[in-house]
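# Residue-level structure breakdown
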Amino acid sequence: INELFSPQPKLPMNKQYFDSFDVVRTFELSLAERGKLIVVNSTSFDNINSLSKTVASEILRECDIALWILKAEEDFPDMKLKFVKTMLSNKLLNSLVVAINQIDLVNPGNWNLSINLPSVKQEKAIIEVEDKIQKLFRVAEINSVKVVSYSAKRKYRLKKLFRALVDACPEDRV
């Protein structure tokens, strides 16, 4: 979140719903006269207990969009997709942005540091990762998902990710 919005100073954590579990945290970013952006951040939904799922589900009901960040080289089992489908309302499923981070680490290929771009081979591999994720969502009948690959470390495609988030917002909230 700090890489995407580059606030100074870095965003402080406002609330932590599960102190011992570190599951859900919220951050607030002022948008001047436009109001504020409240970010609900979950470190992982893989290990959430049933109470945490209930609270997380309640928090998600208040959200306008959902951003799911994956690592580019991460395996994406069907059970995670089923979990997302049960946790997110139809409204959020229709405004879901899947962000694939760490694309600078995708193999084969080497990231060209001098121009901050993937090699030709790496770009093809990145497209394959995006297509694979898009296909998994289509099979699960979640067709409106927006898939964006980026690198927070290299600050690559952050504007594209931000644009996808804005585009996913309801018009009356942008």
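Everything here concerns the structure above.
Residues numbered from 1 in each chain as written. Predicted model: local features only at pLDDT ≥ 70, side-chain atom pairs only at ≥ 80, totals over all residues. Heavy atoms only, no water.

### Regarding the nonpolar core
Core analysis: the biggest nonpolar cluster contains 31 residues, and Phe 76, Leu 88, Leu 96, Val 98, Ile 103, Ile 133 and Phe 137 have the highest contact counts within it. Put simply, the parts of the chain that give this core at least two residues each are β4 (66–71), α3 (78–87), α4 (90–93), β5 (96–101) and α5 (120–139). For this core, the element with the most residues is α5, which contributes six residues. Counting 10 residues, the second largest nonpolar core, distinct from the first, contains Val 97, Ala 99, Val 148 and Leu 165. (Core = buried A, V, L, I, M, F, W, Y, C linked by side-chain atoms within 4.5 Å. Buried < 20%, exposed > 50% of the residue type's maximum accessible area, 1.4 Å probe, protein only. Helix = DSSP H or I, 4+ residues; strand = E, 2+ residues; numbered from the N terminus.)

### Here we look at the sheet that holds β4
With parallel pairing, three strands are arranged side by side in an open sheet as β4-β5-β6. The two strands at the open ends of the sheet, each matched to only one other strand, are β4 and β6 (146–149). Pairwise comparison of adjacent strand axes, ignoring direction, gives a mean angle of 20 degrees for this sheet. Pairing of β5 with β6 involves four bridges; the strand directions are parallel. Within β6, the residue paired with Ile 100 across the bridge is Ser 149. (Pairing = 2+ DSSP bridges. Axes fitted to C-alpha atoms, helices over the stretch in contact; angles between N-to-C directions.)

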